[in-house]
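Here is how the chains run, residue by residue.
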Amino acid sequence: MLQFFGKHGISVAFVLCVVIFSLSTQKFLSTDNFLTVVMQASIIGTIALGVTFVVIGGNLDLSVGSLLSFATVLVVDLHDKVGPGTAILLMFVFTLLIGSINGYLIGYLRLNSLIVTLGMLSAIQGITLVYSGGKNVDISDQTNTWFAFFGREALFGVPVPAIIFIVLGIILQIVLLKTGFGRKIFAIGGNATASLFSGLRRNRLVFSTYLLSAFTTGCAALILGSRVMGSQNNVGEGYELLVLAGVILGGTSLLGGSGSIARTVIGVLILAMIQNGLLLLGFPYYTQWLVTWVVIIVAVWLDIAAKRGKLFSTY
Amino acid sequence: MNRIIDLVKRQPIWIFVFICVVFFSFSSPYFFDIRNFSNILVQASTIGLIALGMTFVMINGNIDLSVGATLALAASLAVGLQPQLGITGAVLVGLLSGIVIGALNGIIAWKTGVDAFIVTLGAMIGVRGLVFIYTGEQAFYAHDLAYSDFGASSLFGMPVLALIFICLTIIAHLVLKYTIHGRNVFAVGGNRVAAKEAGIRVGPHMLLNFILIGFLAALSGILLSTQMGASTPNLGRNYELWTITAVVLGGTRLTGGFGSIIGTLGGVLAIAILRNGMNLLQVPSFYVLIILGSILIIVLFIDKRFAEPQGVGA
């Protein structure tokens, strides 16, 4: 029983969420509402894809929230100055540059990832404010720009943010499971010393996980900037922890060495479903946070209890 | 020369504090002034009080991300319940809420064995939700002026808030250094299994530290609300990050088993002095964020290069 929940807990929780909400409100189970859920999950979800790689590699990334603010402010501000194409290009260049600073400090200098990314969180926030001078930015002509594609349009009835999220998710799942790169990430997260003696270049691998999380954060900034057509300086504040909540809920261990993109996607979708379902049922907006609290702890608890073979710890 | 290097290794943050004081004293005529110093202490007390508890929790090898939300809950209760319970009753309920949240975190971490990072990450989201639901997303104002008068009052020429911070810092230092509980904090953080084998009741021990930090976060929130005579539901946002920054600047290791209240005080003062000094020099606060982030990484780098054992797996 315990073993079963430990292994399939997240899928059970997903099904449970769907069943409970479908039974309690008729508005929940429809294609339209499901697409809404995926779209709401798309920003946090897209970031979570890259962060999953970082966490499997045995590290953390708390800087993605600030980085999202930075990238969104940058792309929105540059849009009117140099045009959407160049703006997007420059946004990715600078976002990856910051990601590579994280990667260098953590991969090559081997500093503790939690503290480095905590420092970067505050530094990037400062850089964003210096860049914008503390003012909000927006796009003046919001109707006649193809930049609207990423956040406001739909292909074959599916919103583009959802497509970006799902397609990136599928690609990264394949990379994680079917390529040597993916296997090496598991190896360095599972046992850093053993992987070093097996000749894996841990430095370079850790570095690349941070590039990846910066890249997915850049993609999320495209969605966010395009949807809002403007940005506050602190738009991504607190996102790092919501992202981590999704990743953890998906069963990726904070110790590294285990996890999966598919389960991260399910984790993020569960959080979005809780939000959506509780709102449809007429609960106050912030009730979802209370439920999230319980869900995260119970999910990780079951996971640990299954590995331990006992429900309670022995301390 | 060796002694200087030794000092840099042990307490690099106090050297930074010293450099900051010298620098700002020469560059601003308003900095080196007893009134400004007590001002800095008041500003430092909010993060500082939480950082005292965070030092215990982090030496234990745990972390508490829920302190910012706990602070907001306590402040909202202490201000919001005043019409019904009076100031004393409302403040007591506020403090109690911090103890309850701390105990909840501690019991969950103890009984389930889930990592404190995850337990308190959950609580951070959940408690903040609780604050928004309780306040209805409104700010509360203290109508009784006695409440905000307390935040502005002085004793022996020192602001009361600064005095509270100094007293609690001294007590925390003594407890950590000279009591059995303090010794156990290091033992549990250094090697949890060995500590258990040696007869320390690890679970209840950690629970006590979570209650301590919950209480200090609540106290910090209530004192902050006396400064403003009000509370807002967004109060204390990101304070968990500032607190951890201060504690890590002070040399406490995330891996546990190593740290000191004196170091933490240095970290707290470094942040407060930097903010105050830059403010006096009229530097936009954005740059403080960049400088603090960089210093955090540099301190970590120094710690890694000089203090940690170097090895293949390290």
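- As recorded in an unreviewed UniProt entry, chain B goes by ABC transporter permease and comes from Marinobacter orientalis.
- Quoted straight from UniProt, the Sequence similarities (unreviewed entry) entry for chain B says "Belongs to the binding-protein-dependent transport system permease family. AraH/RbsC subfamily."
- The UniProt entry for chain B carries the following comment under Subcellular location (unreviewed entry): "Cell inner membrane".

A few points about the overall build of chain A
Reasoning step 1: Scanning chain A from terminus to terminus reveals 13 helices and 4 strands.
Reasoning step 2: Against the 2.2 N^0.38 benchmark of 20 Å for 315 residues, chain A shows a C-alpha radius of gyration of 20 Å, consistent with a compact globule.
Reasoning step 3: In terms of overall dimensions, chain A has a C-alpha envelope of 60 × 55 × 35 Å along the principal axes.
Reasoning step 4: By residue count, 55% of the 315 residues in chain A fall in the buried class.
Reasoning step 5: Residue pairs in contact within chain A that sit at least 24 positions apart in sequence constitute 79% of those at least 6 positions apart.

Section: the overall build of chain B
Reasoning step 1: Check the secondary structure of chain B and you find 14 helices and 4 strands.
Reasoning step 2: The C-alpha atoms of chain B give a radius of gyration of 20 Å, which matches the 20 Å a tight globule of 314 residues would have.
Reasoning step 3: Sequence separation of at least 24 residues holds for 78% of the intrachain contacts in chain B that already meet a minimum separation of 6.

Topic: helix 5 (residues 113-132) of chain A
In an α-helix, one turn spans 3.6 residues; hence positions three or four apart end up facing the same way.
Residue and element names in this part refer to chain A.
Reasoning step 1: End to end, helix 5 covers 28 Å across 20 residues, agreeing with the expected 28 Å (1.5 Å per residue, within 8%).
Reasoning step 2: Burial analysis of helix 5 places 18 of its 20 residues in the buried class, which makes it a mostly covered element.
Reasoning step 3: Just beyond helix 5, the residue with positive phi is Gly133, at close to 65°.

Remarks on the interface of chain A and chain B
Reasoning step 1: Each partner contributes residues to the interface: chain A has 43 residues there, and chain B has 43 residues.
Reasoning step 2: Elements represented by at least two residues in the side of chain A that touches chain B include exactly helix 5, helix 9 (192-197), helix 11 (239-249) and helix 13 (287-308) of chain A.
Reasoning step 3: The element best represented in the side of chain A that touches chain B is helix 5 of chain A, accounting for 14 residues.
Reasoning step 4: Residue composition of the side of chain A that touches chain B, grouped by class: 32 nonpolar, 10 polar and 1 charged.

As for unusual backbone geometry
Residues and elements named next belong to chain A.
Reasoning step 1: The phi dihedral of Phe156 falls on the positive side, at around 50°, and the residue is not glycine.
Reasoning step 2: Along the chain, the position of Phe156 falls in the loop between strand 2 (154-155) and strand 3 (158-159).
Reasoning step 3: Overall, Phe156 belongs to the exposed group, with 5 C-beta atoms counted inside 10 Å.
Reasoning step 4: Not every positive phi belongs to a glycine, and Met229 is a case in point at roughly 60°.
Reasoning step 5: Along the chain, Met229 turns up in the loop between helix 10 (202-228) and strand 4 (230-231).
Reasoning step 6: Judged by the 19 C-beta atoms lying within 10 Å of it, Met229 falls in the partly exposed class.

Side note on the confidence of the model for chain B
Residues and elements named next belong to chain B.
Reasoning step 1: Across chain B, pLDDT averages 88, with 96% of residues at or above 70.
Reasoning step 2: Here helix 1 (residues 2-10) stands out as the element of chain B with the lowest mean pLDDT, 70, in contrast to helix 4 (residues 67-80), whose mean of 95 is the highest.
Reasoning step 3: Note that residues 310-314 has pLDDT below 50 and, in this model, 6 contacts with residues that lie over four places away or in other chains.
Reasoning step 4: Confidence metrics for the complex model read pTM 0.87 and ipTM 0.83.

Focus: the nonpolar core
Reasoning step 1: Counting residues in hydrophobic clusters, the biggest one holds 208 residues, and the most contacted among them are A:Ile47, A:Leu68, A:Val243, A:Ile296, B:Ile50, B:Ile213 and B:Leu296.
Reasoning step 2: Of all the elements, helix 11 (residues 202-228) of chain B adds the most residues to this core, at 15 residues.
Reasoning step 3: With residues up to four places along the chain from it excluded, the contact list for A:Ile47 reads A:Val64, A:Leu68, A:Thr216, A:Thr217, A:Ala220, A:Tyr239 and A:Val243.

Considerations on the UniProt feature "transmembrane region" (unreviewed entry) in chain B
Reasoning step 1: Per the UniProt entry, the sites bearing "transmembrane region" (unreviewed entry) are residues 12-31, 37-58, 87-109, 116-135, 155-176, 206-224, 244-274 and 286-302 of chain B in this numbering.
Reasoning step 2: Across residues 37-58 of chain B one finds 100% helix and 0% strand; the C-alpha atoms that close the span lie 28 Å apart.

Considerations on the packing of helix 5 (residues 82-112) of chain B against helix 6 (residues 116-135) of chain B
Residues and elements named next belong to chain B.
Reasoning step 1: Look at helix 5 against helix 6: their axes get within 9 Å of each other, and the N-to-C directions meet at 145°. Pair helix 5 / helix 6 crosses with right-handed handedness. Every residue of helix 6 that contacts helix 5 at Ile101, Asn105, Ile108 and Ala109 is listed here: Ala116, Val119, Thr120, Ala123 and Val127.
Reasoning step 2: Looking at the contact of helix 5 with helix 6 residue by residue, the class counts come to 7 nonpolar, 2 polar and no charged.

Some points on helix 12 (residues 261-280) of chain A
All names here are of chain A.
Reasoning step 1: Taking 1.5 Å of rise per residue, 20 residues should cover 28 Å, and helix 12 covers 28 Å from first to last C-alpha, within 8% of that figure.
Reasoning step 2: When you tally the buried positions in helix 12, you get 16 out of 20 residues, the bulk of the element.
Reasoning step 3: Once helix 12 finishes, Gly282 follows within two positions and takes phi at roughly 90°, a positive value.

The rules behind the values
- Residues numbered from 1 in each chain as written.
- Chains lettered and ligands numbered in written order.
- Predicted model: local features only at pLDDT ≥ 70, side-chain atom pairs only at ≥ 80, totals over all residues.
- UniProt positions renumbered as here; feature names shortened; annotations may be inferred.
- Helix = DSSP H or I, 4+ residues; strand = E, 2+ residues; numbered from the N terminus.
- Rg over C-alpha atoms; globule rule 2.2 N^0.38 Å.
- Buried ≥ 20, exposed ≤ 12 C-beta atoms within 10 Å, placed from the backbone.
- Contact = placed C-beta atoms within 7 Å.
- Expected span 1.5 Å × (residues − 1).
- Nonpolar A, V, L, I, M, F, W, Y, C, P; charged D, E, K, R; others polar.
- pLDDT = per-residue confidence, 0-100.
- Core = buried A, V, L, I, M, F, W, Y, C linked by C-beta atoms within 7 Å.
- Axes fitted to C-alpha atoms, helices over the stretch in contact; angles between N-to-C directions.
- Left-handed = near helix turned anticlockwise from the far one by under 90°.

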